[in-house]
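Notes for the structure review
Listed below, chain by chain, are the residues.
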Amino acid sequence: MREHAVVVAGAGPTGLMLAGELALAGVDVAIVERRPDQGLAGTRAGGLSARTLEVLDQRGIVDRFLAEGQVAQVTGFAVTRLDISDFPTRHNYGLALRQKHIERILAGWVNELAVPIYRGREVTGFAQDDTGVTLELSDGASLRAGYLVGCDGGRSLVRKAAGIAFEGWDPTTGNILAEVEMEEEPPLGVHRTALGIYAFGREEYEIHDGKIVFAKEGPIGVMVPEKNAGETTEPTLDDLREALIAAFETDYGIHRVNWISRFTDMSRQATAYRKGRVLLAGDAAHVYSPVGGQGLNTGVQDAVNLGWKLAQVVKGTSLEALLDTYHAERHPVAARVLRMTMAQVALQRTDDRTEALRDIVTELLGMEEPRKRIAAEMSGLAIHYEFGEGHPLLGRRMPDLDLVTSDGPVRVFTLLQDARPVLLNLGASGSVDIPRSDRITLVDAGYDGAWELPALGVVSAPIAVLIRPDGYVAWVGDGTQEGLQEAVNSWFGPPG
């Protein structure tokens, strides 16, 4: 029986990101993936948010994604676009890039880190004990792991087998997605009708001045609403044809389906992200409508929150209780995303009363403060973990400042590329003693600019900050070291 410190079930964006994080920390991690390769049929997520781009920047790989995607102001709430070009971040935009490309690039990174992937098989069951988890695979083989992380989607077998409840709301809306061949070109773009929202597009497109310009040739991507949100059978060509004729009085000569699927606004969340040595991340932990583009981004950020914590526990530098902070921090984030997504689905209804409500919301979001607040939330830049009272930076993302050190200029995010915690001293050199030099990188640096946070604005300049590997601030110093030792012990392990 093969053994690994951690086995990740699922090689989607969340599973790949988590495996990369663990590998950076020197942990023996492997992935089990049912697909024979990284190929992905159909349209899934369509881009990366500003905070996810920052996370990828922290690991030194964001340029791989920027080179293939299209930078644009894609942040929005329901049907209202929200410009974040004035936000204090290097990535004050979103990136339009289809999930199949995101996965391919992540898989390339994970391959460079020499993470083994057991392809063409999946986890069919497992049993955990005091020292680990024994996994049964679909090919009859077994694996042994210290920890198992379910990144295996909304129908997660890992979640079900662990007995973790998936509570929430049943679907109220349903849509069919397909790629088809048509004799006539339909009106490309999004169309609001009394029957719901319809959309037509092509795989290849460019964004010019905020508008999508589709390629002239190629199969047509179609999205149509369904009458029955709870439909469980596979959609068919006839279902598509019927929906098109009902809305447009023609089916545009549709005659071939390359792929077809459906999605709903079902909104559910795991009641626990951890049960013993089994953890959940991504869609296995939370599902909701794709409106707002939050699913993939929330999953990738789950992985970055969990990775360094799990690595420290595996390596024995932190107690197992550190894993409980994963649920404590990420469960509220996804719960908020779930509610925000439900609100957007409600605002997309096409009746007259909802139209009136949407007009009011659009008017509000045209004002400066509401725009900044909601845009910061939708872009992932407003995440705030509750670490108690203190400086506004505490529990928030560390800005990517341009620092000056004795070795020359350096960006904050560059200091995080090896996924180690950083103690940044901005006072006199040597004025901060590092409590655990074997675990934390001490950097003496200078910075003269303003400290500004999205939506909050300018905050007072700290003398020192302790930055976690995921880029969030764990301690802020005002000229003394009060609380530093406790923060180090809490996040990066007690002495000995």
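Structural data are supplied above this passage.
Reading guide: rules and limits
- Here the residue numbers are simple positions, counted from 1 along each chain's written sequence.
- The predicted nature of this model means local features are confined to residues of pLDDT at least 70 and side-chain atom pairs, given and counted, to a pLDDT of 80 or more, with totals for whole chains, interfaces and linings taken over all residues.
- To get the side-chain values, all heavy atoms of the structure are used, and hydrogens and water are removed first.
- When accessible area is computed with a 1.4 Å probe and restricted to protein chains, residues below 20% of their type maximum are described as buried, those above 50% as exposed, and intermediate ones as partly exposed.
- Put simply, DSSP marks the helices as runs of H or I at least four residues long and the strands as runs of E at least two long, and each gets a number from the N terminus on.
- In this scheme, strands are said to pair when DSSP sees at least two bridges between them.
- Two aromatic rings from Phe, Tyr or Trp, using only the six-membered ring of Trp, form a pair when their centres are within 6.5 Å; if the ring planes differ by under 30 degrees the pair is stacked, by over 60 it is edge-to-face, and anything between is tilted.
- Here, a charge over a ring is recorded when the distance from Lys NZ or Arg CZ to the ring centre is within 6 Å and its angle to the ring normal is within 35 degrees.
- We define a nonpolar core as any set of buried Ala, Val, Leu, Ile, Met, Phe, Trp, Tyr and Cys residues linked to one another through side-chain atoms lying within 4.5 Å.
- Only heavy atoms enter the contact rule, under which two residues are in contact if any of them lie within 4.5 Å.
- In this analysis an axis means a line fitted to C-alpha atoms, helices contributing only their contacting stretch, and an angle means the value between N-to-C directions, from 0 to 180 degrees.
- Nitrogen and oxygen atoms within 3.5 Å of one another constitute a polar contact, given that in protein one can donate a hydrogen and the other can accept it, and given that sequence-neighbouring residues count only through two side-chain atoms.

1. Describing the pairing of strand β18 (residues 220-225)
Where burial is concerned, most of β18 is hidden: 5 out of the 6 residues are buried. Here 4 bridges tie strand β15 (residues 196-202) to β18, and the two strands are oriented antiparallel to one another. Across the sheet, the residue bridging to Ala 199 is Met 223, located in β18.

2. Some details on the packing of aromatic side chains
Considering all chains together, one arrives at 12 aromatic pairs under this definition. Ring geometry for Tyr 385 versus Phe 387: centroids 6.4 Å apart, planes at 35°, classification tilted. When its relative accessible area of 3% is taken as the criterion, Tyr 385 is described as buried. We classify Phe 387 as partly exposed; its relative accessible area is 22%. What links up through ring pairs into an aromatic cluster is the set Trp 308, Tyr 385, Phe 387, Tyr 472, Trp 491 and Phe 492. The ring of Phe 166 has Arg 159 lying over it, and the distance from NZ or CZ to the ring centre is 3.5 Å.

3. Observations regarding the nonpolar core
Counting 84 residues, the largest nonpolar core has Phe 65 and Leu 466 as its most contacted members. Residues contacting Leu 466, with those up to four places away along its chain left out, are Val 422, Leu 423, Ile 440, Tyr 472, Val 473, Ala 474, Trp 475, Leu 484, Ala 487, Val 488 and Phe 492. Listed in part, the 21 residues of the second largest apolar core include Leu 401, Val 412, Phe 413 and Ala 445.

4. Digging into the sheet that holds strand β27 (residues 441-444)
Note on sheets: strands pair through backbone hydrogen bonds, and any given pair is parallel or antiparallel. The mixed open sheet is built from 4 strands, whose spatial order is β27-β26-β30-β31. For this open sheet the edge positions go to β27 and β31 (473-477), each flanked by a neighbour on one side alone. Averaged over all neighbouring strand pairs, the angle between strand axes comes to 15°, with direction disregarded. Pairing analysis gives 4 bridges linking strand β30 (residues 464-467) to β31, with the strands arranged antiparallel.

5. Focus on the side chain of Ser 318
Mapped onto the elements, Ser 318 comes out in the loop between α7 (295-314) and α8 (324-347). Within the structure, the side chain of Ser 318 is placed 2.8 Å from the side chain of Gln 312, a separation counted as a polar contact. Filtering out sequence-adjacent residues up to four positions away, Ser 318 remains in contact with Gln 312, Val 313, Trp 491, Phe 492 and Gly 493.

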